[in-house]
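# Analysis of the macromolecular model
Chain by chain, the residues:
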Amino acid sequence: MTSTHAFWLAGRQATGETTFDVTSPWDGRLVGKVSVPTEAQVEEAVAAAYAVRDEFAAAPAHVRAAALDHVSKRLAERTEEIAQLISAENGKPVKWARGEVGRAVSVFRFAAEEARRFNGGEAQRLDTDLGGQGRLALTRRFPKGVVLGIAPFNFPLNLCAHKVAPAIAAGVPIILKPAPATPLSGLILGDLLAETGLPAGSWSILPVSNDRMPALVQDERLPVISFTGSEKVGYAIMDSVPRKHCTLELGGNGAAVVLADYASDEDLDWAANRIATFSNYQGGQSCISVQRVIADASVYDRLLPRIVAAVEAQVTGDPSDDATDVGPLVSEDAARRVESWVDEAVGAGAKLLTGGKRDGASYAPTVLTEVPADVTLSCEEVFGPVLTVQKADGEAEAFAAVNDSKYGLQAGVFTHDVQVAFRAHRALEVGGVVIGDVPSYRADQMPYGGAKQSGVGREGVRFAMDDYTYERVLVLTGLAL
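Now for a look at the structure at hand. The written sequence of each chain sets the order in which its residues are numbered from 1. Totals for whole chains, interfaces and linings use all residues, but because this is a predicted model, local features are given only for residues with pLDDT of at least 70 and pairs of side-chain atoms are given and counted only at 80 or more. Only hydrogens and water are set aside when side-chain values are computed; all heavy atoms of the structure are taken into account.

Packing of helix H4 (residues 94-117) against helix H15 (residues 461-468) brings their axes to within 9 Å, and their N-to-C directions diverge by 55°. The orientation of H4 relative to H15 falls into the category oblique. H15 is crossed by H4, and the crossing has right-handed handedness. In this structure, H4 contributes Val 107, Phe 110, Ala 111, Glu 114 and Ala 115 to the contact, and H15 contributes Val 461, Arg 462 and Met 465. Residues were grouped as follows: Ala, Val, Leu, Ile, Met, Phe, Trp, Tyr, Cys and Pro as nonpolar; Asp, Glu, Lys and Arg as charged; and all remaining residues, including Gly, as polar. Residue classes in the contact of H4 with H15 are distributed as six nonpolar, no polar and two charged. Fitted lines through C-alpha atoms give the axes, limited to the stretch in contact for helices. The angle between two N-to-C directions lies from 0 to 180 degrees. A run of DSSP states H or I qualifies as a helix once it reaches four residues; a run of E qualifies as a strand once it reaches two. Both are numbered from the N-terminal end. The labels follow the angle: roughly parallel below 35 degrees, roughly antiparallel above 145, roughly perpendicular from 65 to 115, and oblique for the rest. In this scheme the crossing of two helices becomes right-handed for a clockwise turn of the near helix relative to the far one and left-handed for an anticlockwise turn of less than a right angle. Between two residues, a contact is recorded if the distance between any of their heavy atoms is within 4.5 Å.

See the structure below:
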């Protein structure tokens, strides 16, 4: 019999009046039942977070750091259990789920380190002008207020960690809303945080439905919103609360550029295997998965068959099997959408080289060429295991093709030329440029976010802490400097 999972209200477990089922996208089995907070319980969580904000901001750094270290340690200890849970509720192959747990371990460790050194204060002497004689400015950072963190389904543990850990490190209370499809991984963080001595109210994890979000978004006691998800929803949130601080990590259609100097057999094998792996990992359900390959004309004909072969070598199937590379999408509706986009592209003249088949919530790893520029697959984020390959005549044309998108999250450039690397960094309108690899690389301590319609602000532990806080200056007078 499947147990009902409680939610976390101001640091304690609680149950509501109703539940909802979490099912596996692979085989439809019941993974767990989740209790839903009532309106009164949501109000209690928000009120508690608002009430504790000054106390939590003043909590000693060692208290916050110790709590974060504890969560990091406990995640590591429970890696296999949590990885199996992620795989069950998300459909992610278990080997990728283990990697996600490992990343969350690092996020909380990084946050503990940042908590110990954050906000030490920066001194600036003001006697550089006569009117500032005897004066010293000390700048420190203070919370903007309680954070509402809204996490997506594709990395159901690590992207919850990216909301929660920086908030705790900075002494900022947080209300976390995990994705309805994958709440169990987020609720695990509650299990571990409850083992710490953090103040009641400093964190809550509330698995409320999406249709209840507008009230939370509008609540004036929650002045900071950190959202990861779709472009449509993210900008709707921002438009609805123009005076709130919003961090939005939205979509992308990641491009991998393979330039003329990346021409040896070893180079092309590496590029093809990396592209195949990271166009299909997480079922392609990653904002920085490879969706577009832009290959220089001089290497295109040798690269393309390598990519197709590497994609066809991806092992699809049961996500609980260690051998599986590609599992199902999060739902059958998601797979149907991907299917419709590929069918539209093929109907408009695109050539399907492999894949293009759906089985329930699973969609076969797919490669297309000659995709018309005006079809949905060319313009939007597919969020599925689908890859398009196109030819470019030279570096300038390749970089222009990367920029010919409303998105700008990350790009990968396969080159050995350091001068090209710096030109790419200047030319590409993205939040991150990865040289010698796919755009799918993300280190959890680095600034992460996009340009154009890929979002606003930056994640990454220290950078999220900056986003959650603001500078306040203290001027000391009458000093003998």
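What follows deals with the pattern of salt bridges. We define a salt bridge as a side-chain nitrogen of Lys or Arg found within 4 Å of a carboxyl oxygen belonging to Asp or Glu. Within the structure shown, the criterion is met by 36 salt bridges. Glu 81 is paired through a salt bridge with Arg 78; the nearest N and O atoms lie 2.7 Å apart. Exposure categories follow from relative accessible area, calculated using a 1.4 Å probe and restricted to protein chains: below 20% of the type maximum is buried, above 50% is exposed, and the middle band is partly exposed. Under the relative-accessibility criterion, Arg 78 is labelled buried at 15%. Put simply, Arg 336 and Glu 332 hold a salt bridge, and the shortest N to O gap is 2.8 Å. With a gap of four residues between them, Arg 336 and Glu 332 both fall in helix H11 (residues 332-347), about one helical turn apart. Looking at Arg 336, the relative accessible area reads 39%, which means it is partly exposed. For Glu 332, a relative accessible area of 33% translates into the label partly exposed. Linked through salt bridges whose partners overlap, the residues forming this network are Glu 332, Asp 333, Arg 336, Glu 339 and Arg 358.

Now for the sheet that holds strand E5 (residues 30-36). A pair of strands is considered paired only if DSSP assigns at least 2 bridges between the two. The strand order E1-E5-E4 describes an open sheet built from three strands, whose pairing is mixed. Among the strands making up the open sheet, the edge pair consists of strand E1 (4-5) and strand E4 (18-23). Here helix H6 (residues 183-193) sits on the sheet in contact with E1, E4 and E5, set at roughly 60° to E5.

A word on unusual backbone geometry. The bulk of non-glycine residues show a negative phi, and the bulk of peptide bonds are trans. A positive phi angle, close to 50°, is found at Phe 383, a residue other than glycine. Along the chain, the position of Phe 383 falls in the loop between helix H12 (376-379) and strand E19 (386-392). Its identity as a non-glycine residue notwithstanding, Lys 452 has a phi of 55°, on the positive side. Overall, the relative accessible area of 33% leaves Lys 452 in the partly exposed class.

On to a nonpolar patch on the surface, then. On the surface, a nonpolar cluster with roughly 320 Å² of combined accessible area is contributed by Leu 474, Leu 476, Leu 479 and Leu 481. Following the sequence through the fold, Leu 481 ends up in the segment after strand E25 (469-476). For Leu 481, a relative accessible area of 48% corresponds to the partly exposed category. Residues enter a patch when their relative accessible area is above 30% and they make no salt bridge; the linking distance is 9 Å between like charges and 5 Å between nonpolar side chains (Val, Leu, Ile, Met, Phe, Trp, Tyr). All accessible areas in this document rest on Shrake-Rupley with a 1.4 Å probe, and a residue is counted as covered only by the protein chains that are shown.

Here strand E8 (residues 147-150) shows no split at all, with Val 147 and Gly 149 on one side and Leu 148 and Ile 150 on the other all buried. Sheet topology note: the E8/strand E9 (residues 174-177) ladder contains four bridges and is parallel. Residue Ile 150 lies in a different strand from E9, and its bridge partner there is Lys 177. Orient the strands so they point away from the viewer; a crossover is then right-handed if the path from the first strand over the helix to the second runs clockwise. Read as a crossover between parallel neighbours, the route from E8 over helix H5 (residues 158-170) to E9 is right-handed. Relative to strand E11 (residues 224-228), E8 is paired through four bridges, and the arrangement is parallel. Bridging from a neighbouring strand, Ile 150 pairs with Phe 227 of E11.

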